[in-house]
Amino acid sequence: MAGEGEPGSEKTFKLLGILDVQNIPCSRESVLYGSLGSVAVGLGHFLATSRVRRSFDFGMGGFVLTTLGCWIYCRYNHAKLRIQQRIIQEGMRNKILYESSDFDPERKQNSNLESKS
């Protein structure tokens, strides 16, 4: 009861003490897909060969590869989305800034079309 409702008392989950899963974009999905890939690769290798230790090694490799693959793919899309948002915000800012001025590109196009007619 004493700690409920206080702002700033939120607990975060850190994986291996370094990766803050709740606050870093793409980390949660990457770890979940990595664990699923680990189980699939390890179990598949075990069913194929019946070698426990080697299947564990393959499972760990599957975890690392799947986690890194999902992480890179998600971070690439996240960065691409942020760049698109920045371009749109800059365009909107320029639209507001140049509207009804001599530097307005739409005004120049309209005046060129009217002078040609």
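Residues numbered from 1 in each chain as written. Predicted model: local features only at pLDDT ≥ 70, side-chain atom pairs only at ≥ 80, totals over all residues. Heavy atoms only, no water.

> Give a description of the overall build of the protein that names residues and reports values.
Along the protein, the regular secondary structure elements total 3 helices and 2 strands. Along the protein, helices (α) and strands (β) appear in the sequence β-β-α-α-α when read from the amino end. Looking at the protein as a whole, 15% of its 117 residues are labelled buried. In the protein, the proportion of contacts linking residues at least 24 apart, taken out of those at least 6 apart, comes to 41%. Surface summary for the protein: the accessible area is close to 10,000 Å², and the carbon and sulfur share equals 61%. (Helix = DSSP H or I, 4+ residues; strand = E, 2+ residues; numbered from the N terminus. Buried < 20%, exposed > 50% of the residue type's maximum accessible area, 1.4 Å probe, protein only. Contact = heavy atoms within 4.5 Å. Areas by Shrake-Rupley, 256 points an atom, 1.4 Å probe, with all protein chains shown as cover.)

> Which residues make up the state of the cysteines, and what are the values?
Summed over the entire model, instances satisfying the criterion amount to 1 disulfide. The disulfide bridge from Cys 26 ends at Cys 74, spanning 2.1 Å between sulfur atoms. Every disulfide takes its handedness from the sign of the S-S torsion; for Cys 26 and Cys 74 that torsion is -70°, giving left-handed. Placement of Cys 26 in the loop between β2 (19-20) and α1 (27-49) and of Cys 74 in helix α2 (residues 52-98) is noted, with a sequence separation of 48 residues between them. (Disulfide = S-S within 2.5 Å.)

> Please give an account of unusual backbone geometry that cites residues and values.
Despite not being glycine, Cys 26 has its phi angle at roughly 75°, a positive value. On the accessibility criterion, Cys 26 (7% relative accessible area) is buried. Even without being a glycine, Ser 50 presents a positive backbone phi close to 60°. Take Ser 50: it is sitting in the loop between α1 and α2.

> Describe the packing of α1 against α2, naming the residues involved and giving the relevant values.
One way to put it is that α1 packs onto α2 with a least axis distance of 7 Å and a crossing angle of 150°. With respect to their mutual orientation, α1 and α2 come out roughly antiparallel. Where α1 crosses over α2, the two elements pack in a sense that is right-handed. Per-class residue counts for the contact of α1 with α2 are 9 nonpolar, 14 polar and 1 charged. (Axes fitted to C-alpha atoms, helices over the stretch in contact; angles between N-to-C directions. Parallel < 35°, antiparallel > 145°, perpendicular 65-115°, else oblique. Left-handed = near helix turned anticlockwise from the far one by under 90°. Nonpolar A, V, L, I, M, F, W, Y, C, P; charged D, E, K, R; others polar.)

> Please set out the side chain of Thr 67 residue by residue, giving values where relevant.
Looking at the secondary structure, you find Thr 67 in helix α2. In this structure the side chain of Thr 67 is engaged in a polar contact, spanning 2.7 Å, whose partner is the backbone oxygen of Phe 63. Excluding residues that lie within four positions of it along the chain, Thr 67 makes contacts with Ser 30, Val 31 and Gly 34. (Polar contact = N/O pair within 3.5 Å; in protein donor to acceptor, adjacent residues only side chain to side chain.)

> How would you sum up the environment of Pro 25? Please name residues and give values.
Along the chain, the position of Pro 25 falls in the loop between β2 and α1. For the pair Pro 25 and Arg 75, spaced 50 residues apart in the sequence, the C-alpha separation amounts to 7.7 Å. Setting aside residues up to four positions removed in sequence, Pro 25 forms contacts with Trp 71, Arg 75 and His 78.

> I'd like a description of α1, backed by residues and values.
An ideal rise of 1.5 Å per residue puts 33 Å on 23 residues; α1 measures up with 32 Å between its terminal C-alpha atoms. Where α1 is concerned, the buried positions are Ser 27, Ser 30, Val 31, Gly 34, Gly 37, Ser 38, Gly 42 and His 45. Immediately beyond the C-terminal end of α1, within one or two residues, lies Ser 50, with a positive phi of roughly 60°. (Expected span 1.5 Å × (residues − 1).)

Keep in mind these values describe shape, not function.
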